[in-house]
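Chain residues, written in single-letter form:
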Amino acid sequence: MAMILGNLRLATMQPGGAPYGLIETGAVAIEGGRIAWAGPLAEAPPGPVRDMGGRLMTPALIDCHTHVVHGGQRAREFEMRLNGASYEEVARAGGGIVSTVAATRAASEDDLVASALRRVDQMLAEGVGTIEVKSGYGLDIETELRMLRAARRIGRARRVGVVTSFLGAHAVPPEYRGRDDAYLAEQVIPALHAAHAEGLVDAVDGFCEGIAFSPAQMEVVFAEAGALGLPVKLHAEQLSNLGGAAMAARHGALSADHLEHLDADGARAMAAAGTVAVILPGAFYTLRETQVPPIQALRDAGVAMAVATDANPGTAPMTSLCLAMNMACTLFRMTPEEALSGTTRVAAQALGLTDRGRIAPGLRADLAIWEAEDPAELAYRCGPTPLHARIIGGEFDA
């Protein structure tokens, strides 16, 4: 029999109607792990109704850009940047991504899972039901595969959906310095094929930037992804404008992420391809950047915008998706409705998922119930809104 939850303010996140798709006094019927019905309480199907006390219900949140699997931490580099070193200067001096590589290569798979679960548990406590997890701190075949295996284990150890992205083209490791193309040919492409053969990869990502890989180099990786039938996404236009977002759009990318230096042509290319813009205010904040992403240009072009934590040890050491929403509103002037759409419906789109991110019949019953009344509360606070309960696959989380 269906479980019916009633006396809820339902932020269904269904587009085209009331803001947030809001139903003021609503109910949801759940059966077989799916939403069987959602609508006004007065029209609920017959059966006992569990009274939820007027609380707010949203889809479970989706963090569509994270690097939660890694070894070590980089607090010392945080201190260096505060003393005047730029992100590029830290990276060129051998810090940045490659400093995490050494710690990750030294960690066992069990070590990686244990440390990642501490971060994931913080996310789940804030109503997250799905996370994307990237590789990219191994930069060799063995460690990239170990990271992806660890990511898959997270989804078995916790009640959370995990989507993996292969990010071998994240940086050039020290042993390949000055030999970028050789690194792609000898490590990245073989690692991608091995990960695909093992069923470890759902999408392929890369870092397109002056301190990483050019658009032409990323096209080589994307061609391999296409041959394997894997969707692509890209870290693009974070520190400069290399045209990476437009290139990714030509490959039908699910998303282009960061985008502080995106231009109007890039925004139009993304809109034409249906490529989602993933906004990452945590990295902007941590790096003390001043170039904000062109939110209004993305709106004008009709590009859907997601919001994510970018949880990583160097440039976004944060696990709070609610704080990311607050930052997106406060720093970038996104609206609270855009921020919540960006962590539910649009975040699902950025991961190529069509079965979650909204409260609608037939979708997964991944839901969050909050000690709140107004959906804007989730972006309003500088930190999490108290969570009453998380429902994953139709079951209340213990």
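Per-chain numbering applies: the sequence of each chain, read as written, is numbered from 1 onward. Reporting of local features is limited, given that this is a predicted model, to residues whose pLDDT is at least 70; pairs of side-chain atoms are given and counted only at 80 or more, and all residues count toward the totals for whole chains, interfaces and linings. Think of the side-chain values as coming from all heavy atoms in the structure, minus any hydrogens and water.

Here we look at the layout of surface pockets
Buried and open spaces are told apart on a 1 Å grid over the protein atoms alone, a cavity being a set of points where a 1.4 Å probe fits but cannot get out and a pocket being an open set with protein on both sides within 12 Å along at least five of seven lines. Residues with an atom within 4 Å of a point are the lining residues. Grid points are joined across faces, edges and corners, and a volume is the space filled by probe spheres set on the points. Estimates place the volume of the largest pocket at around 350 Å³. For helices the rule is a DSSP run of H or I covering at least 4 residues; for strands it is a run of E covering at least 2, with both sets numbered from the N terminus onward. Those elements that provide at least two residues to the lining of the largest pocket are α2 (87-92) and α3 (97-106). The leading source of residues in the lining of the largest pocket is α2, at 3 residues. Among the residues making up the lining of the largest pocket, the classes are represented as 9 nonpolar, 5 polar and 3 charged. By the convention adopted, Pro, Cys, Tyr, Trp, Phe, Met, Ile, Leu, Val and Ala count as nonpolar, Lys, Arg, Asp and Glu as charged, and the other residues, Gly among them, as polar.

Topic: the pairing of strand β9 (residues 203-208)
The buried label applies to any residue whose accessible area, calculated with a 1.4 Å probe on protein chains only, is under 20% of its type's maximum; exposed applies above 50%, and partly exposed to all values in between. Most of β9 is tucked away, with 6 of its 6 residues classed as buried. Because side chains alternate across β9, one face comprises the buried residues A203, D205 and F207, and the other comprises V204, G206 and C208, equally buried. In this region the chain leaves strand β8 (residues 161-169), passes through helix α6 (residues 180-197) and returns to the parallel neighbour β9; the handedness of that crossover is right-handed. Paired strands, in this sense, are two strands between which DSSP finds at least two bridges. For β9 and strand β10 (residues 233-236), the ladder comprises 2 bridges, and the chain directions are parallel. Bridge pairing in β10 places C208 opposite A236. Crossovers are described as right-handed under a simple rule: with the strands pointing away from the observer, the path leading from the first strand over the helix to the second runs clockwise. Handedness of the β9-helix α7 (residues 215-227)-β10 crossover: right-handed.

Some details on the side chain of H70
Tracing the backbone through its elements, the reader meets H70 in the loop between β6 (61-63) and α1 (75-82). Residue classification places H70 among the buried positions, given a relative accessible area of 4%. Under the rule applied, a polar contact is a pair of N or O atoms within 3.5 Å (in protein, one hydrogen donor and one hydrogen acceptor; residues adjacent in sequence only if both atoms are side-chain atoms). There is a polar contact of 3.4 Å between the side chain of H70 and the backbone oxygen of G72. Residues count as neighbours in contact if any of their non-hydrogen atoms are within 4.5 Å of one another. In this structure, H70 is in contact with T100, T104, L112, S115, R119, Y137 and P313, ignoring residues within four places of it in sequence.

As for the UniProt feature "binding site: Fe(3+)" (unreviewed entry) in the protein chain
UniProt positions are given in the numbering used here, feature names are shortened, and annotations may be inferred rather than shown by experiment. Sites flagged by UniProt as "binding site: Fe(3+)" (unreviewed entry) map to H65, H67, H235 and D310. The greatest C-alpha distance among the residues just named is 12.5 Å, despite their covering 246 residues of sequence, which places them together in space. Lining the largest cavity, out of the annotated residues just given, are H67, H235 and D310. Relative to the assigned elements, H65 resides in the loop between β6 and α1. In this structure H65 touches E132, K134, H235, D257, H258, V278, L280, A308, T309, D310 and A311, once residues within four positions along its chain are discounted. Polar side-chain contacts of H65 include one of 2.7 Å to the side chain of D257. Tracing the chain through its elements places H67 in the loop between β6 and α1.

Remarks on the sheet that holds strand β12 (residues 276-279)
Pairing within the open sheet is parallel, and its 8 strands lie in the order β6-β7-β8-β9-β10-β11-β12-β13. Unpaired on one side and paired on the other, β6 and β13 (305-307) mark the two borders of the sheet. Put simply, the sheet's adjacent strands are angled 25° from each other on average, direction ignored. To get an axis, fit a line to the C-alpha atoms, keeping to the stretch in contact for a helix; angles then go from 0 to 180 degrees between the N-to-C directions.

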